[in-house]
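As a plain string of letters, each chain reads:
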Amino acid sequence: MVNLSNPPPGSSIFASVSKLPFLDALTYVPKPFRYALYAGGLVVGGVSVLLYKYQDRMLYFPEIGGLGRSNSSNPRGYRSPEEHDLPFEDHLIPTGDGTKVHSWMLLRDKKSMHLDVVKHPTIIFFHGNAGNIGMRLPNAADMVHKLNVNVLLVEYRGFGESFDNIRNDGRPDEAGLKKDAEAALDFARSHPAVDSKRIFVFGRSLGGAVGFHLALHAERQAHGNPLAGLIVENTFTSIPDMVDAIMPAVAPLKSLVLRMKWDNAHVASNLQETPVLFVAGEHDELVPHKQMKALYDALNQNKKRKHGRRGPLTEMVIIPKGTHNDTWLRGGNLYWTKFKNFINQVNVPPSVAVSATCTDSELEGIKIQSGNSDAAAHSIPIVPGN
């Protein structure tokens, strides 16, 4: 029993809490309702504790659908680029903190390894928050063939064949994924098949957040070598905003419990040189559609960024009926046409531009919102479906 005449150290905290007005008010609440409030508080408090402790595990899912973490455990067609008749290289990229990031470099043409051959553009592909890079092989194979590019598929630490044996007990986290992205860019720049000035980044969902970080990182490097372009698909403004959307009961406590931020809106407000294409599924069931619009607006309202014809390209396209993970399938040929045109418009010399630029008939009915013209004042367009 506590001797109140000689309170223990720290007891003044409890004395202060006991004087809070809302606690006095609770004494006038009928017991059944009071107990319900207590129970509700315990539930919210318990969820908050779990969110603080296990939030990384609630975002990153290296294993999905009862499958193992390794690419070899995937169904056929999702295990290796060999299944798609793609020339490729298998790499473990060191990040400098003891981690080795697994990647597949899918090559459009083996001849591009020679110094005297014009090199294709390269897209670094950052996947979403669940599963390994093998799950993205059909999508990446389409990129290689339809866009005439190399694709570097990057597997975050803790996913697939990547590992982290030093920090965070081998589990992925925000700081670690950012290091993985930076290492992947360094690797791509030094690869003999890659033109270092024609490196694009594609990110879907969480991958878009990784891509935003890498774009800002590239701009701020001492040698000033920004990405050729950034393409983000169905990406969120920030993790706190996603908590508001999917866990409203915990939202009031998010400033106390959230350690990860992935603040893409802040990054978009600071990107100065990187061209950006936003691709949004009209029926995204996970990320509220307004968040992609907010990212687009943040970039267009960025006072550090040049706008108009002298500024970097900024566009947004909406795919009808596209959901969080199948926008690339729903968009069909016009989805790829938008990619081709974006790559070709960001100051790429015509002699090495991506082939198969769309025809006038393919563009009929397409309206693109651009931050480089008066079209930016119009409503966001919708790309017609197939």
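Calculation criteria
- Residues numbered from 1 in each chain as written.
- Predicted model: local features only at pLDDT ≥ 70, side-chain atom pairs only at ≥ 80, totals over all residues.
- Heavy atoms only, no water.
- Helix = DSSP H or I, 4+ residues; strand = E, 2+ residues; numbered from the N terminus.
- Contact = heavy atoms within 4.5 Å.
- Areas by Shrake-Rupley, 256 points an atom, 1.4 Å probe, with all protein chains shown as cover.
- Core = buried A, V, L, I, M, F, W, Y, C linked by side-chain atoms within 4.5 Å.
- Buried < 20%, exposed > 50% of the residue type's maximum accessible area, 1.4 Å probe, protein only.
- Pairing = 2+ DSSP bridges.
- Salt bridge = Lys/Arg side-chain N within 4 Å of Asp/Glu carboxyl O.
- Axes fitted to C-alpha atoms, helices over the stretch in contact; angles between N-to-C directions.
- Parallel < 35°, antiparallel > 145°, perpendicular 65-115°, else oblique.
- Left-handed = near helix turned anticlockwise from the far one by under 90°.
- Nonpolar A, V, L, I, M, F, W, Y, C, P; charged D, E, K, R; others polar.
- Phe/Tyr/Trp six-rings, centres within 6.5 Å; stacked < 30°, edge-to-face > 60°.
- Lys NZ or Arg CZ within 6 Å of the ring centre and 35° of its normal.
- Polar contact = N/O pair within 3.5 Å; in protein donor to acceptor, adjacent residues only side chain to side chain.
- pLDDT = per-residue confidence, 0-100.

**Observations concerning the overall build of the protein**
Each helix and strand counted, the protein has 13 helices and ten strands in total. Within the protein, counting contacts between residues at least 6 apart in sequence, those at least 24 apart form 74% of the total. Accessible surface computed for the protein: about 18,700 Å², of which carbon and sulfur atoms make up 57%.

**With respect to unusual backbone geometry**
With a phi angle near 60 degrees, N148 is a residue other than glycine that sits in the positive phi range. Within the secondary structure layout, N148 lies in the loop between α4 (137-147) and β4 (150-154). The backbone of W262 sits at a positive phi, close to 40 degrees, despite the residue not being glycine. Within the element layout of this structure, W262 appears in the loop between α8 (254-257) and α9 (264-268).

**Points about the nonpolar core**
By size, the foremost hydrophobic cluster in this structure holds 55 residues, and its most contacted members are I124, F126, F212, W262, L271 and F278. Element by element, the count of residues in this core is highest for helix α6 (residues 206-220), at eight residues. Filtering out sequence-adjacent residues up to four positions away, I124 remains in contact with L152, V154, A184, L185, A188, I199, F200, V201 and F202. In this structure, F125, V144, L277 and W336 belong to the second largest nonpolar core, which totals 31 residues.

**Things to note about the pairing of strand β9 (residues 314-319)**
In terms of burial, β9 is largely enclosed, as six of its six residues are buried. Burial along β9 is two-sided: T314, M316 and I318 and E315, V317 and I319, pointing in opposite directions, are all buried. Taken together, the six bridges between strand β8 (residues 276-281) and β9 define a ladder with parallel strand orientation. Bridging from a neighbouring strand, V276 pairs with T314 of β9.

**Overview of the pattern of salt bridges**
Summed over all chains, the structure comprises nine salt bridges. For K254, the salt bridge goes to D244, with nearest N and O atoms at 2.7 Å. Within this pair, whereas K254 is found in helix α8, its partner D244 is found in helix α7 (residues 239-246), the two being separated by ten residues in sequence. Residues participating in the shared-partner salt-bridge network are D97, R157 and D180.

**Re the packing of α4 against helix α12 (residues 332-345)**
It is at 11 Å that the axes of α4 and α12 come closest, and there the two elements cross at 55 degrees. Taken together, α4 and α12 sit at an angle that is classed as oblique. Like other packed secondary-structure pairs, α4 and α12 cross with a definite hand, here right-handed. Judged by residue contacts, N139, D142, M143, K146 and L147 of α4 engage W336, F339, K340 and I343 from α12. Across the contact of α4 with α12, the residue classes tally to five nonpolar, one polar and three charged.

**What to know about the packing of aromatic side chains**
Inspection of the entire model under this criterion finds eleven aromatic pairs. Relative to F339, the ring of F202 has its centre 5.9 Å away and its plane inclined at 50 degrees; by these criteria the two rings are tilted. With F202 in strand β6 (residues 199-204) and F339 in helix α12, this residue pair connects regions lying 137 residues apart in the sequence. Looking at F202, the relative accessible area reads 0%, which means it is buried. F339 gets classed as buried once you look at its relative accessible area, which sits at 0%. Measuring from ring centre to ring centre gives 4.7 Å for Y335 and F339, while their planes differ by 35 degrees; the resulting arrangement is tilted. Here Y335 and its partner F339 are both found in helix α12, four residues apart, which amounts to about one turn of the helix. The pair Y335 / F339 is uniform in exposure class, with both members buried. Members of the aromatic cluster, each reached through a chain of ring pairs, are F125, F202, Y335, W336 and F339. Above the face of the W262 ring, K178 is positioned so that its terminal group lies 5.4 Å from the ring centre.

**Here's the deal with the side chain of H191**
With respect to the helices and strands, the residue H191 is situated in the loop between α5 (174-190) and β6. A polar side-chain atom of H191 sits 2.6 Å from a polar atom in the side chain of E89.

**Here we look at the packing of α5 against α6**
The description of two packed helices rests on the angle between their axes and on the distance between the axes. Interhelical geometry of α5 versus α6 gives an angle of 60 degrees and a closest axis separation of 9 Å. Taken together, the axis directions place α5 and α6 in an arrangement best described as oblique. Judged by the sense of rotation from one axis to the other, the crossing of α5 with α6 is right-handed. Along its contact with α5, which presents L177, K178, A181, E182, L185 and R189, the element α6 presents L206, V210, H213, L214, H217 and A218. Tallied by class, the residues present in the contact of α5 with α6 amount to seven nonpolar, two polar and three charged.

**Quick word on the confidence of the model for the protein**
On average, residues of the protein score 81 in pLDDT, and 72% of them reach the 70 mark or higher. Note that residues 1-23 has pLDDT below 50 and, in this model, five contacts with residues that lie over four places away or in other chains. Note that residues 355-386 has pLDDT below 50 and, in this model, 72 contacts with residues that lie over four places away or in other chains.

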